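Listed below are the residues making up each chain.
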Amino acid sequence: MVNNLKKFSNYFISNNYNSISQILKENNIIGFLVIEISNSSKIKEVYGKDFYEDFFNLAIEFVFSLKGKIYRSEDLVFINDFKDNQVVLLLISKPRKKEELDMYNIKLAAIRIISEIKSKLLLIDKYKEIIKDVVDALSYGYCIIKYEESKDIKDIIFDAFREAYIRQKFDEINENIISMISHELRTPLTSIKGFAETIIYENLDKQEILKFVNIIYLEADRLNRLVNAILELSRLESAKIAFNTKKIDLKYSVENAIELLYPKIKNNNLKLIRNYSQKEEYEAIADEDKTEQIVINLLDNAIKYSLNSKEITIGIENKDSEVLVYIKDQGIGIPENEKNKIFEKFYRTSITKNITQGTGLGLVITKYLVEGQGGKIWFESKENVGDSFYFTLPKHT
């Protein structure tokens, strides 16, 4: 790749360490923005190396063409010659009416640059059909770098690349979460609005009105559960939920969960098998309420996705340094190609979507609750045979 970038060789980052160091020293703070082709290896594999090199060269040229339009003439552009998929901008100029650069302005510049490059690439006739498929591979990372007299410029740049990458991934995750939340909220809201409009504008009898009001109530309840789950997950992710760990007997957490969910077990004509001794102690260092919630979440799933007249087994075992709890059902199971997504936010398998409504957050929250107490959680599953979920908590010694 470097051989094909001779015309940009004066802009290779490795040739400019001294000048970058001097610029940073003079300005103290500069913006560091990385434009990247995020899946370069796959593009080379699918479309060939020649296409990729042309694609990257075009992206670089378009970045340079935006000088004086989106970023200012005093800002600098470099090619990261250690990787064949990155262009680096050093934003020296301060935003108008601001004393110094901030993250918001750097991100705004990145979004505008990416948008302009994509628009220009899509206008090229030579690779018109291919570029449609690869243009979304363009991504960005950003950070602010500060001058440190005691630190070598190479180390400063290395740290900047790392921070820019972390911000890139963080932004991608946030965008995905916002998109998923919007989708999940839209469904019940659309139902509520639709049935409310029907009641208002249609000439319905009392029985029909009660039917639609009941649907509105159920959708509102679903919306409430979803919002509560999102808030709980947010608190867990930001470490704002404290774990009140102490010595507890997990047998009682399991029994409390069974008692709470027993009406559901009975209504579904399921047989519950307890695979633990009422006389033995299963002492762990854990949060009593949160451990009970873990068992409730897993047992509730087992009930929802079990076939009528089948068995659910709950077991507890003392191990050397931990206590193991497992819940096994004889239900629908998880398709093989979906197993790696089970603990993802808002993910529901293709089978469960057709059986019952859910938030797609229960297992994510359960995983946080287990791991937040120093435990582990995993599962085994076979489609149309059933699921076995296991979790461990530290044993009291």
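Scroll up to find the structure this text is about.
Procedures and definitions
- Along each chain, residue indices are assigned from 1 in the same order as the chain's sequence is written.
- Reporting of local features is limited, given that this is a predicted model, to residues whose pLDDT is at least 70; pairs of side-chain atoms are given and counted only at 80 or more, and all residues count toward the totals for whole chains, interfaces and linings.
- Processing note: side-chain calculations cover all non-hydrogen atoms of the structure and skip hydrogens and water entirely.
- By definition, any uninterrupted DSSP run of H or I lasting at least four residues is a helix, any uninterrupted run of E lasting at least two residues is a strand, and each is numbered from the N terminus.
- Exposed residues in this analysis have more than 50% of their type's maximum accessible area, buried residues have under 20%, and partly exposed residues fall in between, with area computed by a 1.4 Å probe over protein chains only.
- Only the protein chains shown count as covering a residue, and every accessible area follows the Shrake-Rupley method with a 1.4 Å probe.
- When DSSP locates at least two bridges between a pair of strands, those strands are taken to pair.
- Here, axes are lines fitted to C-alpha atoms. For helices the fit covers the stretch in contact, and angles between N-to-C directions go from 0 to 180 degrees.
- Contacts are assigned to residue pairs that have any heavy atoms within 4.5 Å of one another.
- Any Lys or Arg side-chain nitrogen found within 4 Å of a carboxyl oxygen on Asp or Glu counts as a salt bridge.
- Directions are taken from the helix axis to each C-beta atom, and the arc is the one they span.
- By nonpolar core we mean a set of buried residues, namely Ala, Val, Leu, Ile, Met, Phe, Trp, Tyr and Cys, connected to one another through side-chain atoms within 4.5 Å.

(A) Looking closely at the overall build of the chain. A tally of helices and strands in the chain yields 10 helices and 11 strands. Burial status across the chain gives 45% buried among its 397 residues. For the chain, the accessible surface area stands at approximately 22200 Å², while carbon and sulfur atoms represent 48% of it.

(B) Fine view of the sheet that holds strand β10 (residues 376-382). Spatially, the 5 strands line up as an open sheet ordered β6-β8-β9-β11-β10, and their pairing is mixed. A single partner strand is all that each edge strand has here, and the edge strands are β6 (271-275) and β10. Across the sheet, the axes of successive neighbouring strands diverge by a mean angle of 10°, strand direction being ignored. The pairing of β10 with strand β11 (residues 386-394) spans 7 bridges and is classified as antiparallel. By the bridge assignment, Glu380 is partnered in β11 with Ser388. Packed on one face of the sheet, helix α8 (residues 250-267) meets β6, β8 (311-318), β9 (322-329) and β11 and runs near 175° to β8.

(C) Quick look at the pattern of salt bridges. Applying the stated criterion to the full structure yields 16 salt bridges. For the salt bridge of Asp136 with Lys118, the shortest nitrogen-to-oxygen distance reads 3.6 Å. Separated by 18 residues along the polypeptide, Asp136 in the loop between α5 (128-134) and β4 (138-146) and Lys118 in helix α4 (residues 103-121) bring together distant segments of the chain. In this structure, the salt-bridge partner of Arg274 is Glu255, at a minimum N-O distance of 2.9 Å. With a gap of 19 residues between them, Arg274 in strand β6 and Glu255 in helix α8 connect regions that are remote in the sequence.

(D) Examining unusual backbone geometry more closely. With a phi close to 70°, Asn28 is a non-glycine residue in the positive phi region. Within the secondary structure layout, Asn28 lies in the loop between α1 (17-27) and β1 (29-37). Phi at Asn384 takes a positive value of approximately 65°, unusual for a residue other than glycine. By the element assignment, Asn384 lies in the loop between β10 and β11.

(E) Examining the sheet that holds β4 more closely. The sheet built from 4 strands is open, its strands ordered β2-β3-β1-β4 with antiparallel pairing. The sheet terminates laterally at β2 (76-79) and β4, the two strands that pair on one side only. Each strand axis lies, on average, 20° off the axis of its neighbour in the sheet, ignoring direction. Relative to β4, β1 is paired through 9 bridges, and the arrangement is antiparallel. Across the sheet, Glu36 pairs through a bridge with Ser139, a residue of β4. Set on the sheet, α1 makes contact with β1, β2, β3 (86-91) and β4; between it and β1 the angle comes to about 135°.

(F) Representation of the environment of Ile35 in the model. Assignment of secondary structure puts Ile35 in strand β1. With 103 residues separating them along the chain, Ile35 and Leu138 place their C-alpha atoms 7.0 Å apart.

(G) Representation of α1 in the model. For α1, the complete set of buried residues consists of Tyr17, Ile20, Ile23 and Leu24. Taken around the axis of α1, the buried residues stretch over an arc of 125°, which confines them to a single face. With respect to the buried face of α1, the exposed residues turned more than 90 degrees away are Asn18, Lys25 and Glu26. Of the residues one or two after α1, Asn28 is the one with positive phi, at around 70°.

(H) Layout of the nonpolar core. Core analysis: the biggest nonpolar cluster contains 42 residues, and Leu33, Ile35, Val87, Leu89, Ile113, Ile117 and Leu121 have the highest contact counts within it. Taken together, the elements giving at least two residues each to this core come down to β1, α3 (49-65), β2, β3, α4, α5 and β4. It is α3 that contributes the most residues to this core, 10 residues altogether. Within the second largest apolar cluster, 39 residues are counted, among which are Ile265, Leu270, Ile327 and Ile342.

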